[in-house]
Amino acid sequence: MAEVTVRVQFWGTRGSIPTPGPSTARYGGNTSSVELRSARGTLVIVDCGTGGRALGQKLMSAGANGLRGHILISHTHWDHIQGIPFFAPLFAAGNEWDIYGPKGLGQSLRETLAGQMQYTYFPVTLDQFAATVRYHDLVEGTFDIDDIKVSTRYLNHPALTLGYRLEADGVAVVYCCDHEAHARVLATGHGDIAGQDLRHAEFIHRADLLIHDAQYTAEDYPAKLGWGHSSVEYVVKVSQYAKVKRLALTHHDPLRDDDAIDRLLAGIRTTLKENASTLDVFAAAEGQIVELAPSAAKDLAHRVGEFRAETPIEPGLIERSVLLGIADTRMAATLSEAVRAEGIHVNFFLDAAEARKLIAKDRPSLAIVEHDPPRIDGMETCRAIREHENDREHRVPVVMLAAQEDQSTGATVGVTDWLIKPFSAAYARTKIRAWVLRTACRWMRATIPRDEERRLVALRALKILDTQPDDRFDRITRLASALFDVPIALVSLIDQKRQWFKSCYGLSMRETSRDAAFCAHVVYDREPMIVPDTFLDTRFADNPLVTNEPRIRFYAGCPLILDDGACIGSLCVIDTRPRSLEGSDLARLRDLADLAVQEIETISAVRELDP
Ligand SMILES: [Zn+2]
Ligand SMILES: [Zn+2]
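The structure contained in this document is the topic of the report that follows. One numbering rule holds for all chains: residues counted from 1, following each sequence as written. Whichever chain is written first is A, and whichever ligand is written first is 1; the rest continue in order. Local features in a predicted model are, by the rule used here, given only for residues with pLDDT of at least 70; side-chain atom pairs are given and counted only at 80 or more, and totals for whole chains, interfaces and linings are based on all residues. To obtain the side-chain values, all non-hydrogen atoms of the structure were included, while hydrogens and water were left out.

Sheet strands pair via backbone hydrogen bonds, and the direction of the pair is either parallel or antiparallel. Pairing in this open sheet of seven strands is mixed, and the strands run β6-β5-β4-β3-β2-β1-β14 from one edge to the other. Every interior strand has two partners, whereas the edge strands, β6 (132-138) and β14 (289-292), have only one. Here the strands of the sheet are splayed against their neighbours by 20° on average, with no regard to which way each runs. Where strand β2 (residues 33-37) lies against strand β3 (residues 43-48), five bridges are found, and the strand directions are antiparallel. Pairing of S33 across the sheet is with C48, part of β3. A pair of strands is labelled paired if DSSP reports no fewer than 2 bridges between them. A run of H or I in DSSP becomes a helix once it reaches four residues, and a run of E becomes a strand once it reaches two; helices and strands are each numbered from the N terminus. Comment: axis = line fitted to C-alpha atoms, over the contacting stretch for helices; angle = value between 0 and 180 degrees taken between N-to-C directions.

Shown next as structure tokens:
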């Protein structure tokens, strides 16, 4: 057996409401909270329900000085955040915590968490945390927490909810609470994994440990439709399909006592044995520790790449609007109200021609189309929309509103997702939020400087573009990396359509598109630019250099301005974690930029002497 690298401990396993008492003593009565540690000791806590309180106490008793940790919140329903006001490490000065959660359209994560600590409900406010606490609003994507790679995925729940896939030391742990099967037939234990459930399977694919909401059984389910939770049968099915190794059933229903959980588990294990399945299933118990070792021959990175959010990337912020093509007037009213409640503009259409006209005028974040023939043919509308989209990358997501899913026709005409009738307004709102957030573009291209022509003439006259690496510049980037303790330092030159690196320390690429270039902003401003956390900056949050390799979280760049005044590029330092730069550091970065300019000027002077 390989060496244990990742350690997981359950601190809360109950769903919805704390359920202490003799009948829940074995599996536990506290609500959701899981602790995960990598071999290197990086501490991540997923959800902080009431179980988080005891975890906080343990951390404090182990010596709290300079405690560093990360809390990932799946969603802000009480049973997932109620432990935060009681989480002692947040109240101790000198500790540093990062709290992450799904980005809402209106409130920030911090505002929502502050809400449960208003004086009406709680005597202490969020501002009284003595630790340094940073809040991060997440959308779908991938980012790093030290040595842990985190991928996020929207789940199917009446609140905007993220599932987390954590990968470290060759081990993948996936946490999905709370989540309901997309296709309802799956929750009753029938049907095939397809559509959005297939994407869910991809997200949990080959997890060494999957921690999954399993609040109901197939038998309970018909009475709990749309409540946002899974049946055990669905979780087992999707886990088998996705070749999950170990499955921890959690978010136990408050009505399910220890004996009932035992019976449920025994039933599942019997069925699995009969089917000769290798899936290892257990019911998560409060206090339980699971130690994980990497399994051989597993290409995690490859799988992760496959389910990366399809971020439609388009420079510049887009106005949010939603197109509605709904014949049923009551349904149209419900949906338009749900959309407007998010502060999003609505446009209505009734036929494909109208839809195309509207899309051409102002690309919407989303189109919701009803399919109820012969009254309204949503499939035909979707086909017509797709026919006029020449750019596959920037397709408008089309959600089909129908009485049932028709996967095969849907796939042919290009349906992105389904909204199955009947649905509650809250459910529709969550779906709309998830889709609009997926398409909300937070990436701005730098403005072209006014002296662009002159600038390009000056740059090209240097004859430096596409030349071989040169130690004079590599020395500067090496120094910058060491000085600021960052993994990446660059001398970047902004050409007409690209940025090209004369020196790139810690980066294998030699150039990127100009649209993605942070340094192009520095060139436009002709001033140093510091971005402490790209996730929080609407100019960069969805930039491909942020959402993909090299996953820039921090950037600081100083302009390279030639003697004749032309600004040709930037010297920059980059980190994969958020940080700041003090005034004196900035002065040093400027000094290094000046050194780079000197070297550039020397080269061109020599060339003039000896052309
Ligand atoms: Zn819950
Ligand atoms: Zn919930």
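Back to the text.
A donor here means any N, O or S atom no more than 2.8 Å from the metal (3.2 Å for Na, K and Ca); water is not included, so a site may seem to lack partners. Protein-derived coordination of the zinc ion (ligand 1) comes from D79 (OD), H80 (NE2), D178 (OD) and H251 (NE2), at a distance range of 2.1 Å. Here the zinc ion (ligand 1) and the zinc ion (ligand 2) are spaced 3.4 Å apart, with D178 acting as a shared donor. Here H80, found in helix α2 (residues 78-81), pairs with H251, found in the loop between β12 (246-250) and α7 (258-274); they are 171 residues apart in sequence, far enough to count as distant. Each member of the pair, H80 as well as H251, is classed as buried. Buried means the residue's accessible area, taken with a 1.4 Å probe over protein chains only, is under 20% of the maximum for its type, while exposed means over 50%, and partly exposed covers the values in between.

Before going further, it helps to examine the sheet that holds strand β23 (residues 529-531). One open sheet accounts for six strands, arranged β22-β21-β20-β25-β24-β23; its pairing is antiparallel. The sheet terminates laterally at β22 (511-513) and β23, the two strands that pair on one side only. The sheet shows a mean angle of 25° between the axes of neighbouring strands, taken without regard to direction. Where strand β20 (residues 488-494) and strand β25 (residues 567-575) come together, six bridges link them in antiparallel fashion. Bridging from a neighbouring strand, S492 pairs with S570 of β25. Sheet strands in contact with helix α14 (residues 452-461) are β20 and β25, and its direction is about 115° off that of β20. Contacts are assigned to residue pairs that have any heavy atoms within 4.5 Å of one another. Set on the sheet, helix α15 (residues 471-484) makes contact with β20, β21 (498-505) and β25; between it and β21 the angle comes to about 75°.

In this structure, H75 (NE2), H77 (ND1), H157 (NE2) and D178 (OD) serve as the protein donors to the zinc ion (ligand 2), at separations of 2.1 to 2.4 Å. For four-coordinate sites, all angles between 85 and 135 degrees define a tetrahedron; for four- and six-coordinate sites, opposite donors beyond 155 degrees with the remaining angles between 65 and 115 define square planar and octahedral shapes respectively, and all other cases count as irregular. Taken together, the four donor atoms surrounding the zinc ion (ligand 2) define angles of 91 to 174° at the centre, an arrangement classified as irregular. Taking the relative accessible area as the measure of exposure, H75 reaches 0% and is therefore buried. D178 sits in the buried class, given a relative accessible area of 1%.

Pairing is possible between side chains of opposite charge, provided their charged atoms come close. Any Lys or Arg side-chain nitrogen located within 4 Å of an Asp or Glu carboxyl oxygen qualifies as a salt bridge. Throughout the structure, instances matching the rule amount to 35 salt bridges. Where R579 meets D575, a salt bridge forms, and the shortest distance between an N and an O atom there is 3.3 Å. Residue class for R579 comes out partly exposed when judged on its relative accessible area of 25%. With a relative accessible area of 4%, D575 lands in the buried category.

Between helix α10 (residues 352-361) and helix α11 (residues 378-387), whose axes approach to 9 Å, the crossing angle comes to 40°. It follows from the interaxial angle that α10 and α11 lie oblique. Considering only the axes of α10 and α11, their crossing is right-handed. In this structure, α10 uses A352, A355, R356 and I359 to contact α11, whose residues at the interface are T381, A384 and I385. Split by residue class, the contact of α10 with α11 holds five nonpolar, one polar and one charged. For this classification, under 35 degrees means roughly parallel, over 145 means roughly antiparallel, 65 to 115 means roughly perpendicular, and everything else is oblique. Left-handed describes a crossing whose near helix is turned anticlockwise from the far helix through less than a right angle; right-handed describes the clockwise counterpart. Residue polarity is assigned by list, with Asp, Glu, Lys and Arg as charged and Ala, Val, Leu, Ile, Met, Phe, Trp, Tyr, Cys and Pro as nonpolar; anything else, Gly included, falls into the polar class.

Among the structural elements, T161 can be located in the loop between β8 (148-154) and β9 (162-168). By the criterion applied in these results, polar contacts are pairs of N or O atoms within 3.5 Å in which, for protein atoms, one can donate a hydrogen and the other can accept it, and in which residues neighboring in sequence qualify only through two side-chain atoms. Among the polar contacts listed, one links the side chain of T161 to the backbone oxygen of A159, at a separation of 2.7 Å. Each residue touching T161, except ones within four places of it in the same chain, is listed here: S74, H75, R153, Y154, L155, C177 and D178.

P373 connects to P374 through a cis peptide bond whose omega is 5°. Of note, P374 is situated in the loop between β17 (366-370) and α11. The omega torsion of the bond from K421 to P422 falls at -5°, within 30 degrees of zero and hence cis. Among the structural elements, P422 can be located in the loop between β19 (417-420) and α13 (425-439). Of note, H251 is a non-glycine position whose phi angle comes to about 60°, a positive value. Phi angles above zero are rare outside glycine, and K463 is one such case at about 50°.

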